[in-house]
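Structure at a glance
Listed below, chain by chain, are the residues.
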Amino acid sequence: MDDDDDFFDTISVGSGVSKRRFDNKDYLSLSRNTVYQSAVDLENMELTRLDHPEDGNSQNKVSRNRDVKTYKQWRDRRWRYFTNGELCVDFVLAYDKEGKPEDIAKREHFEANLQNVGLILEKEESQRIHFVKIHVPREVLCQYAEILKLRLPIRYDENLPEIGNVFYSTLNKLLDCLRVRLDPEIFPPKKYRLTAEFNREKNYLFDVDDPDFFNEAVRITVASYILEREKFGIEDQEKGVHRLISEGIYKAAYPLHDGDLHEKNSKRVKLLKHWAQVSKCVKYQPLDDVKEYFGIKFALYFAWLGFYTHMLIPASIVGILCLVYAATTLPQDTLCKDLCNSDIIMCPRCDRVCDYWKLNEGCLYAKIQHFIDNPATIFFAVFMSFWSILYLELWKRYSAGITHRWGLTGFDLKAEPPRPEYLIRLADAKKRKLNVITNLNEPAVSFWKVKLPSIILSFTLALLWVFIAVFVVFGVVIYRMSLITSEVLYEDKVTYRIYILPITAAIINLVCILILNILYERLAVWLTEMELQRTQTEYDDSLALKIYMFQFVNYYSSIFYIAFLKGQFVGYPAKYNRIFGFRQEECNPGGCLMELTIQLAIIMIGKQAINAVAEMVVPLLKKMYNSVKVSMGIQEAPPDQIGIISCNQWTEDYKLLDLQSQSLFSEYLEMVLQYGFVTIFVTAFPLAPLFALINNILEMRLDAKKFIKYFRRPVPQRVSNIGIWFPIMGILGRISVVSNAFIIAFSSHFIPKLVYMMEVNPDHTEDGFLNSTLAYFDTADFEDGVAPENPSMNVSICRYAEYRNPPNVTNGIKYKRPLIYWHILAARLAFVVAYQNLVTFVVTAVEWTIPDIPRKLNDQIKREAYKTNETIIKHETDRAQTKHRKRKNRDSVLSSQTIYYDANGGFHSDIANTSRGEHIENS
């Protein structure tokens, strides 16, 4: 290490910078017994020349140090580069200097193989944690860019038009009026460039000599691929840096951020200040810059999240308008007026301890429920059914454009290399299978003997946990049934039953949901490993399917219970249906829709709030813990000397959290679960799109901030779509149609009101509808142990919310179902069928009308393919003609120099004969 490097390694700014005036210049105090942290305020400080004339190599040092006049210039030269300041660091391996001899041997073998491949390595061993800096030369980049089939920009002078769909173009023009475009000085617009799969034999297509041809993403991708393929032992399965990390031989392997959080000109700080801030929520996202920094997989997630958030805007507006309509029509609502002015005495809600109660006690409840159960809700349900399908169709069009822009057209899953874990587990497999895409023989397993049994076992255990989630909901229901009969808790009758009990049960259910999620996610990872999925994409899709299947039941089962089962099989006062001796829960005379809203709001909003806090607090705490651990253990320090942390990016990034390949899984899962709340149960909670919109605005920026500040830079991954999450959302859209149809038909008063006005009331109005929904009961018919023990009023006839015959009916049909009940049931089922078929027809028409790929984009793809082929044909033709001319010239030269043999056995060319003949003639 040079003297100037030793000098800067001892800069002390840990306890504040000491500046003094010495010869009218700033002076920086030095200390070897302090730890480097940051030097933001030193960027423009002038530094003393560090050349030494007495050194024989002083001339080289003088020339180098003349270019380094400030601390910022020196730091830029050393922050992310090798010691010579010329080679950039593309990847870093970190390991503890203390290790077993066999671990050291594996590490040295692995690093030797990396060098044999062509990577350039440099070690930094001045600390407790040693670092191996890796640089990928251009020759290696060319070789592996071809192996990985990377699509890179080609030389093409013709301007290509930007293609976008009509919807997004219109939306962009609308948002331009609000000045939401990015600042072109901060994020200059990226010019679209035609790309093609890199091929060294067709180097005329690519500007390989351009210093920026292989960007950071390509360099990191190539380095990561090599690290996962090289061996560290004799056996074939002993390969991959991930396995070395799992065995503790390496502590970490990661690419570098392009600067710390104080480097003003770095992409990291630019994204942090102008993208990852909640104050920038109204601005567009710099997706091209995100793609260059984090890779396509992360950029596509943020593109999808932004698109989904924009689509929630019209849904939120319509939901708010529905509530406004409900507020304006509340004074004219006949059901609310009749209920609030009623003096009807209702039957007890529970056995023995519950008293008779008056119907007008539920006046406030009925008014609140009117905001959910009104004619506008029907329109909103139909609107959201169309919205969910339109959203999916427009996303397919938008994603087709953006993935083509990022060079993913034609990207095939089979072109993705196998997972290192897959190759390790199949290292001893005898069966090999030819990959028709890569033309390579890859290890394979028997589908019937290995894969099918493992998949069956995996999904069997997953289904077992699904039933466990259902049993948890059943336990919460039993809890509600048992508490409703508690004499102590039932003192405040209305408040307790209508508000406190549903809220506490929903909170308990939410806690159980979160605990089950934590336990099941660990099991799901283990089960997916058993399935031997070939690629990372297949692995992620299988894991996503299992976890979402469980969480669908875990989150939605209690809501489905309230929406479709609660109050449907209660019985009547003379014969209640019981579970473990407890009466089943009853809905209020106004229905269960209000309680469904409470349950939905607590689970949805509570889940989002907990996740938002956890996503920011947990990474911060982990980063603080890593920083403390690194500060205490990273130094190499003799007993009498404190170690020194050098100022470089790899040390700073080592303190950050590791970003796993499944890091986006939890983000997608959270948003898709939210999508289910927004679509499946939107009838019960019209404000669900609004709360989802607010959450997503914060989620988008907080996720970006989390990835930039607290995590190491991820390895870029190529994906052409959002994976299995899109078909899951498609299934949710179909389920939402059926769910909303059943909620409208069976949980609201829409169908009973319609039947009452058409068949019962001769005036065809709602007058008297409330009275028609309440059946009569003779208190003398109570079962033993059911009647109130200490009634506050003398009641002979009470009412209950059911369609049943009165007690004075003879012929054995007392308390049986009347004809009107069957008419209403038939109307409900007819509505479900009609609603579902109507929406399905419209949805099918929309899917058929809107193509997945815009016509202009399809034409552009064909034009680009044509132009690329034309360019290849032209260059190959020119190359062939050049070779032909060279061969022809060579043959011509050979033919003009024909060799003749003389009688003496010598030989001479025809040129010599010609010259001799000319000489004789001239004589």
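Residues numbered from 1 in each chain as written. Predicted model: local features only at pLDDT ≥ 70, side-chain atom pairs only at ≥ 80, totals over all residues. Heavy atoms only, no water.

Helix packing for two helices is described by the angle between their axes and how far apart those axes are. For the pair helix α18 (residues 536-565) and helix α21 (residues 663-680), the least separation of the axes is 11 Å and the interaxial angle reads 35°. The two elements α18 and α21 cross, and the hand of that crossing is right-handed. In this structure, α18 contributes Leu543, Ala544, Ile547, Tyr548, Gln551, Phe552, Tyr555, Tyr556, Ile559 and Phe560 to the contact, and α21 contributes Phe665, Leu669, Val672, Leu673, Gly676, Phe677 and Ile680. Taken together, the residues of the contact of α18 with α21 break down into 15 nonpolar, 2 polar and no charged. (Axes fitted to C-alpha atoms, helices over the stretch in contact; angles between N-to-C directions. Helix = DSSP H or I, 4+ residues; strand = E, 2+ residues; numbered from the N terminus. Left-handed = near helix turned anticlockwise from the far one by under 90°. Contact = heavy atoms within 4.5 Å. Nonpolar A, V, L, I, M, F, W, Y, C, P; charged D, E, K, R; others polar.)

Our next topic: the state of the cysteines. Per the counting criterion, the structure on display carries 2 disulfides. The disulfide that involves Cys347 links it to Cys798, with 1.9 Å between the sulfurs. Taking the sign of the S-S torsion, 85° for the link of Cys347 and Cys798, the bridge is right-handed. Within this pair, whereas Cys347 is found in the loop between β9 (345-346) and β10 (357-358), its partner Cys798 is found in strand β18 (residues 797-801), the two being separated by 451 residues in sequence. For Cys798, a relative accessible area of 0% corresponds to the buried category. (Disulfide = S-S within 2.5 Å. Buried < 20%, exposed > 50% of the residue type's maximum accessible area, 1.4 Å probe, protein only.)

Another aspect to go through is a nonpolar patch on the surface. Taken together, Leu463, Phe467, Phe471, Phe474 and Phe580 make up a surface patch of nonpolar side chains, about 590 Å² in accessible area. In this structure, Phe580 sits in the loop between β15 (578-579) and β16 (582-583). Given the relative accessible area of 65%, Phe580 is considered exposed. (Patch = residues over 30% accessible without salt bridge, like charges linked within 9 Å, V, L, I, M, F, W, Y side chains within 5 Å. Areas by Shrake-Rupley, 256 points an atom, 1.4 Å probe, with all protein chains shown as cover. Salt bridge = Lys/Arg side-chain N within 4 Å of Asp/Glu carboxyl O.)

We note that Lys149 has phi near 55°; this positive angle belongs to a residue other than glycine. Among the structural elements, Lys149 can be located in the loop between α5 (138-147) and β6 (151-153). Lys149 sits in the partly exposed class, given a relative accessible area of 27%. Although it is not a glycine, His764 sits at a positive phi angle of roughly 55°.

Right, let's get into the environment of Leu205. Residue position: Leu205 is located in the loop between β7 (195-197) and α7 (216-229). C-alpha of Leu205 to C-alpha of Pro153: the two residues are 52 residues apart in sequence and 8.6 Å apart in space. Ignoring sequence-local partners within four residues, the contact set of Leu205 consists of Ile154, Arg155, Thr871 and Ile872.

On inspection of all chains with the given rule, the structure shows 17 salt bridges. A salt bridge links Arg219 to Asp90; the shortest N-O distance between them is 2.9 Å. Placement of the pair is Arg219 in helix α7 and Asp90 in the loop between α3 (71-78) and β3 (91-96), with a sequence separation of 129 residues. Taking the relative accessible area as the measure of exposure, Arg219 reaches 12% and is therefore buried. With a closest N to O distance of 3.2 Å, Arg243 and Glu247 form a salt bridge. What you see here is one network of salt bridges that share partners, running through Lys106, Arg243 and Glu247.

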